[in-house]
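# Geometric and topological summary
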Amino acid sequence: MSAGPLYLGFDLSTQQLKAIVVSSELTVISEAKVDFDGDFAPKYNIKKGVRIDEDEGEVYQPVAMWVEAVELVLTRLREKGCPTERIKGISGSGQQHSSVYWNKDAETTLKNLDPKRPLLEQLADVFAYEFAPNWQDHSTQKECDNFDAHLGSPQKLAEATGSSAHHRFTGTQITRMRRRRPQVYDATARISLCSSFLASVFLGAIAPFDISDVTGMNLWDISAEDWNQELLELTAGGKEGVSALRQKLGEVPIDGGVILGTVSPYFVERFGFSPDCRITAFTGDNPATILSLPLRPLDAIVSLGTSSTFLMNTPNYKPDPSYHFMNHPTTKGHYMFMLCYKNGGLAREKVRDALPKPSAGDPWATFNKSVLETPPLDITKEGAAAKLGLYFPLPEIVPNVRAGTWRYTCDARDGSSLSEYPASSGTNWTPEADARIIVESQALSMRLRSQGLVSADPDRPQLPAQPRRIYLVGGGSLNPAIARVFGDVLGGAGGVYRLDVGGNACALGGAYKALWACERGEEQSFDDLIGARWKEEGNIQKVDDGYREKEYKMYGNVLGAFEEMENKVLSVARN
C-alpha cells in the first residue's frame with residue numbers, strides 16, 4: 001500500500017451509515033457500515049431505520065442513533081486496519097431534506113468534546129428535538145398548500161426554489177415544527193440538514209449547508225443565490241420572525257468545494273486522524289450520486305430500485321412543478337435535474353407476477369422474454385394502434401395521481417386518436433404486452449420531462465437531441481430487457497451503461513468531493529480532476545448501444561399522446 005493521502009466519504013441514509021476510504025487514484029482502500037435495524041433496532045425502537053406515527057403522517061429517526069452510528073462506523077474502520085492518520089479530507093452525503101434542531105449548548109459542546117468519553121454521552125443534551133423528520137414524512141400537507149400559494153402558484157415556487165412544495169422538503173417541515181411544537185422551534189439555536197449535521201460532528205462546530213443540498217428546502221432562491229425573503233416570512237410566521245430564522249439557518253457558502261476547517265481534536269485523539277485533515281461541505285444523497293462518476297453535461301443516471309429516479313447534469317435551468325432542479329454540488333452554473341417516481345421496481349414486479357412463473361432460476365425470465373419478444377408499443381403489424389399505459393400500484397408523484405392502472409391506444413404514426421382501452425375487451429391486450437408497456441411507460445415519462453433539457457451530441461450532430469450517455473444503477477440495472485427498452489425509448493448516443501459501485505455511490509461521491517476540494521488546482525473543475533483519474537474498467541459495463549433510429553422515432557411519434565394520456569388520467573384520478 002502506498003503512503004499517499006486518503007479521503008473519507010460518508011453516506012447517512014435512512015437505514016445505514018456507510019463509510020468509504022479512497023486514495024488519490026480513486027482506489028477503494030477500506031469501507032465499513034452500520035445497519036440501523038441490525039445494530040440498533042431494540043434500543044431505538046425502529047423498523048427499516050424509522051419510527052412512524054400513522055395518525056400524524058410523521059416518519060422520523062432518533063438523532064442519538066446517528067450520533068452513536070458515527071462512533072461505531074469509525075470503530076469498524078479502525079478494526080479493519082484503515083490508516084486514519086493518512087486521511088487528508090472528509091466529506092459525505094445525507095438523506096435529503098431531513099433536519100436536525102440544535103439547542104443553544106450545541107456549539108460549545110461540539111467545540112469541547114472530551115476524547116476519553118463516547119460521543120453520545122456528550123451530545124445527548126444538545127438537541128432541541130430528539131428526532132429528525134425522514135424524507136418519507138407526509139405530515140405537512142397544510143404547509144405544502146401554503147408554500148405553493150405563497151408566491152402565486154406552484155410554478156412560481158418552482159421558478160424561485162427549483163421545486164414546487166413537497167411534504168419532505170425542509171421548509172414545510174420547519175414551518176410545521178413552529179406550528180405544532182413551538183417550544184422546540186423557540187429552543188432551536190441552529191438547524192442542520194442531515195448532511196450538515198454529519199459535517200458538524202466532524203468539524204466540531206455547526207457546519208453550513210452545502211450549496212446543492214440547500215436547494216432541497218423550498219427556501220433558497222436559486223437565481224438570487226440567497227434565502228427567499230417571502231418564503232422565510234411564511235416559515236417564520238411573519239416578517240418579525242425572519243431575523244431569528246436566518247440565524248437558525250446560517251449563511252451558505254457558494255463554493256461547493258469550500259474547506260470548512262480541520263477535523264475536531266476529538267477524532268484526532270480518539271480515532272487517530274491527522275490534525276490537518278480537512279472538512280468540506282457534505283451534500284445530499286442525490287447530488288452525491290452524480291459525483292460518483294465524472295457525469296458530463298447531458299449524461300443521465302437512471303436509478304432502478306424500489307422507486308425510480310432520473311438524474312441529469314445540465315447547464316439549463318427550466319423549472320417545473322413536476323420535477324426538481326437543484327444546484328450542482330461542485331459546478332457553479334450547472335444544475336441537477338431530478339425526477340422521482342414512487343412506482344418503480346414494485347410496479348414492475350406486480351406485472352411480472354401476473355405472468356406464468358419460470359420453472360426455475362431467474363424469477364424475471366418470463367418477464368424479460370415477454371419484453372424482448374413484444375414489439376415496441378406492441379405494434380404487431382402495419383397500421384396497428386400503439387399501446388400506452390400507466391401502472392401505479394402506489395399513488396404516484398409524477399404525475400400526481402391515485403393508485404391504479406390505465407391502458408390507452410393511439411395512432412402509432414402521430415399519436416392521434418387517443419382512446420382508453422376498454423377493460424371488457426381482454427382479447428388483444430395480454431399480460432405479456434403489459435411487461436413491455438410498463439417499462440416503456442416508465443422510460444417515456446422520463447423522456448417527456450427531460451426533452452427540453454437535451455441537445456444534439458456535438459460529436460454526432462446529425463442525431464436528434466437525446467442524453468449523451470445513460471448510466472443505470474440499482475437492482476433493475478442488472479436486467480438486460482429493461483436496459484434494452486430504456487435505450488430504445490431514451491436513446492443514449494454514447495450508449496447505455498451499468499454503473500457498478502456496489503451500492504456505494506453516495507459515499508463514493510462524498511469521498512471524491514473531499515478529494516477534489518483538497519487537491520484541485522485553481523479553477524480546476526470536479527469533472528476535470530476526477531475524470532482524469534477515473535477508469536471506466538471495473539466501474540461501468542456497456543449493456544446496450546442506446547440510440548436506434550427507427551425505435552427512437554417511433555417513441556417520439558407517440559410522446560404527445562403519452563402526455564395527453566397522463567392529463568386525461570389526472571382529470572379523473574388526481575391525488
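Refer to the structure printed above.
Residues numbered from 1 in each chain as written. Predicted model: local features only at pLDDT ≥ 70, side-chain atom pairs only at ≥ 80, totals over all residues. Heavy atoms only, no water.

## So, the nonpolar core
Test applied: Grouping buried Ala, Val, Leu, Ile, Met, Phe, Trp, Tyr and Cys residues that are joined through side-chain atoms within 4.5 Å yields what is termed a nonpolar core. Three exposure classes are used, based on accessible area relative to the maximum for each residue type with a 1.4 Å probe and protein chains only: buried under 20%, partly exposed in between, and exposed over 50%. Runs of E in the DSSP output that reach at least two residues are strands. Runs of H or I that reach at least four are helices, and both are numbered from the N terminus. Throughout, a contact is declared for two residues whenever any of their heavy atoms are within 4.5 Å.
Counting residues in each nonpolar core, the largest one holds 98 residues, and the members touching the most others are Trp 227, Leu 249 and Leu 388. Looking at which element gives the most residues to this core, the answer is helix H16 (residues 431–450), with 9 residues. Setting aside residues up to four positions removed in sequence, Leu 249 forms contacts with Ile 174, Arg 190, Ile 191, Phe 209, Met 217, Leu 219, Trp 227 and Leu 232.

## Focus: the side chain of Asn 228
Using the following cut-off: Counting of polar contacts relies on pairs of N or O atoms within 3.5 Å, with two restrictions inside protein: one atom must be capable of donating a hydrogen and the other of accepting it, and residues adjacent in sequence are counted only when both atoms are side-chain atoms.
Structurally, the position occupied by Asn 228 is in the loop between strand S11 (226–227) and helix H10 (229–236). Note on Asn 228: relative accessible area 9%, which makes it buried. Side chain to side chain, Asn 228 and Asp 221 meet in a polar contact 3.3 Å long. Reaching out from Asn 228, the side chain makes a polar contact with the backbone nitrogen of Leu 231 at a distance of 3.0 Å. Excluding residues that lie within four positions of it along the chain, Asn 228 makes contacts with Leu 151, Ala 160, Leu 219 and Asp 221.

## A word on the sheet that holds strand S19 (residues 386–392)
We apply this condition: Only strands joined by at least two bridges in the DSSP assignment are considered to pair. Geometry is summarised by axes, namely lines fitted to C-alpha atoms with helices restricted to the contacting stretch, and by angles between N-to-C directions that run from 0 to 180 degrees.
Pairing in this open sheet of 3 strands is antiparallel, and the strands run S19-S20-S21 from one edge to the other. Of all strands in the sheet, those bounded by a partner on one side alone are S19 and strand S21 (419–420). As paired strands, strand S20 (residues 404–410) and S21 are joined by 2 bridges and run antiparallel to one another. Following the sheet pairing, Tyr 408 is matched in S21 by Glu 420. Contacts between H16 and the sheet are confined to S19 and S20, with S19 contributing the most and set at about 80° to the helix.

## Some points on unusual backbone geometry
The omega angle of the peptide bond from Val 398 to Pro 399 is -5°, so this bond is cis rather than trans. Among the structural elements, Pro 399 can be located in the loop between S19 and S20. A positive phi angle, close to 65°, is found at Glu 523, a residue other than glycine. Secondary-structure assignment places Glu 523 in the loop between helix H18 (505–519) and helix H19 (526–533). For Glu 523, a relative accessible area of 76% corresponds to the exposed category.

## Observations regarding the packing of aromatic side chains
Inclusion rule: A pair of aromatic rings is counted whenever rings of Phe, Tyr or Trp (Trp by its six-membered ring) have centres within 6.5 Å, and the orientation is called stacked for planes under 30 degrees apart, edge-to-face for over 60 and tilted otherwise.
Within this structure, the stated rule accounts for 27 aromatic pairs. Each ring, one from Phe 267 and one from Phe 271, has its centre 6.2 Å from the other, and the planes form 25°; the classification is stacked. Highlighted residues: Phe 267 and Phe 271, both in helix H12 (residues 265–271), separated by 4 residues, approximately one helical turn. Site record: aromatic cluster; members linked through ring pairs are Phe 310, Tyr 317, Tyr 323, Phe 325, Tyr 335 and Phe 337.

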